[in-house]
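Remarks on the overall topology
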Amino acid sequence: MRQLSITATDWLLQAKGDDWSLFASVTNRFNYLRLTLPTKEYLYAEGEQELGKSDRGVWVLGVFDHVEQLQYFLALHNDNPLKVPALKIEQSWPVVAYQEQSLMDYPHYSGVYRVGFKSYRVTQEIDGYRVEYIDGYKAALLGVLESEVDACLALYSHFDSRTRGCKMC
């Protein structure tokens, strides 16, 4: 069993609407946002792209059914950012756009997720979310799943099973 702990501050409410809430948390290296919607929770991070560099990067870390799953991913990311596949996005922080009590826009769970030398592609299609594992020039289909949450958990499950026992990850 993994011994994980969250080193980030407690979640503080930043904004709220009728059917959404936005919370923030920080560590000494990362800022986190948690967007809570009626049926899912998104986790975003802003932090150093590489140690020793002043540039900041912004990532979508995952989307979950409930806050307990999100907290587990946060603990994994706090322990070692290379344990969580992340989508680097070209948006400024904070990534969730809102005005007064209206949620305007937020990054979804689709794109190319990288962690170490491994890559995954999540594409939204008519019948669901297509998840592929990319190794060099080859792409292996992991499945077409109904929701962003299913895609996130399938991607992480595949990543975790491939790296378990790997001393380089």
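Everything numeric in this text was worked out from a predicted model, so none of it was measured.

Concerning the confidence of the model for the chain
In this model, the chain carries an average pLDDT of 86, and 90% of its residues clear a pLDDT of 70 or more. Mean pLDDT across the secondary structure elements of the chain bottoms out at strand 9 (residues 111-115), with 83, and peaks at strand 2 (residues 21-26), with 96.

Section: the side chain of Glu132
You can see Glu132 is positioned in strand 11 (residues 128-135). For Glu132, a relative accessible area of 9% corresponds to the buried category. Looking at Glu132, its side chain comes within polar contact range of the side chain of Arg121, at 2.7 Å. At 3.4 Å, the side chain of Glu132 forms a polar contact with the side chain of Arg130. Filtering out sequence-adjacent residues up to four positions away, Glu132 remains in contact with Ser119, Tyr120, Arg121, Ala139, Ala140, Leu141 and Leu142.

Looking at the pattern of salt bridges
Inspection of the entire model under this criterion finds five salt bridges. Between Arg34 and Glu41 there is a salt bridge; the shortest N-O distance is 3.0 Å. No difference in accessibility class separates Arg34 from Glu41, as the two residues are buried. Among the charged side chains, a salt-bridge network with shared partners connects Arg121, Arg130 and Glu132.

Observations concerning helix 1 (residues 67-79)
The terminal C-alpha atoms of helix 1, which comprises 13 residues, lie 18 Å apart, in line with the 18 Å expected from a rise of 1.5 Å per residue. Of the positions making up helix 1, those classed as buried are Gln69, Leu70, Phe73, Leu74, Ala75, Leu76, His77 and Asn78.

Topic: the side chain of Glu148
Structurally, the position occupied by Glu148 is in helix 2 (residues 148-163). Residue classification places Glu148 among the buried positions, given a relative accessible area of 2%. Engagement of the side chain of Glu148 in a polar contact is seen with the side chain of Lys40, the distance being 2.8 Å. The contact partners of Glu148, leaving out residues within four places of it in the chain, are Lys40, Tyr42, Val63, His108, Tyr109 and Tyr129.

Let's talk about the pairing of strand 1 (residues 12-16)
It is a general feature of regular strands that their side chains alternate between the two faces of the sheet. By the bridge criterion, four bridges tie strand 1 to strand 2 in an arrangement that is antiparallel. Bridging from a neighbouring strand, Leu13 pairs with Phe23 of strand 2. Counting the residues between successive antiparallel strands, the hairpin from strand 1 to strand 2 contains four residues.

Some remarks on the sheet that holds strand 10 (residues 118-125)
The pairing of strands in a sheet comes from backbone hydrogen bonds and takes either a parallel or an antiparallel form. Strand order in this open sheet of four strands is 9-10-11-12, and the pairing throughout is antiparallel. The two strands at the open ends of the sheet, each matched to only one other strand, are strand 9 and strand 12 (138-145). Recorded for the sheet is a direction-independent mean angle of 20° between the axes of neighbouring strands. Bridging between strand 9 and strand 10 involves five bridges; their strand directions are antiparallel. Within strand 10, the residue paired with Gly111 across the bridge is Val122.

What about the environment of Ser147?
In this structure, Ser147 sits in the loop between strand 12 and helix 2. Separated by 17 residues in the primary sequence, Ser147 and Arg130 place their C-alpha atoms 9.8 Å from one another.

Calculation criteria
Residues numbered from 1 in each chain as written. Predicted model: local features only at pLDDT ≥ 70, side-chain atom pairs only at ≥ 80, totals over all residues. Heavy atoms only, no water. pLDDT = per-residue confidence, 0-100. Helix = DSSP H or I, 4+ residues; strand = E, 2+ residues; numbered from the N terminus. Buried < 20%, exposed > 50% of the residue type's maximum accessible area, 1.4 Å probe, protein only. Polar contact = N/O pair within 3.5 Å; in protein donor to acceptor, adjacent residues only side chain to side chain. Contact = heavy atoms within 4.5 Å. Salt bridge = Lys/Arg side-chain N within 4 Å of Asp/Glu carboxyl O. Expected span 1.5 Å × (residues − 1). Pairing = 2+ DSSP bridges. Axes fitted to C-alpha atoms, helices over the stretch in contact; angles between N-to-C directions.

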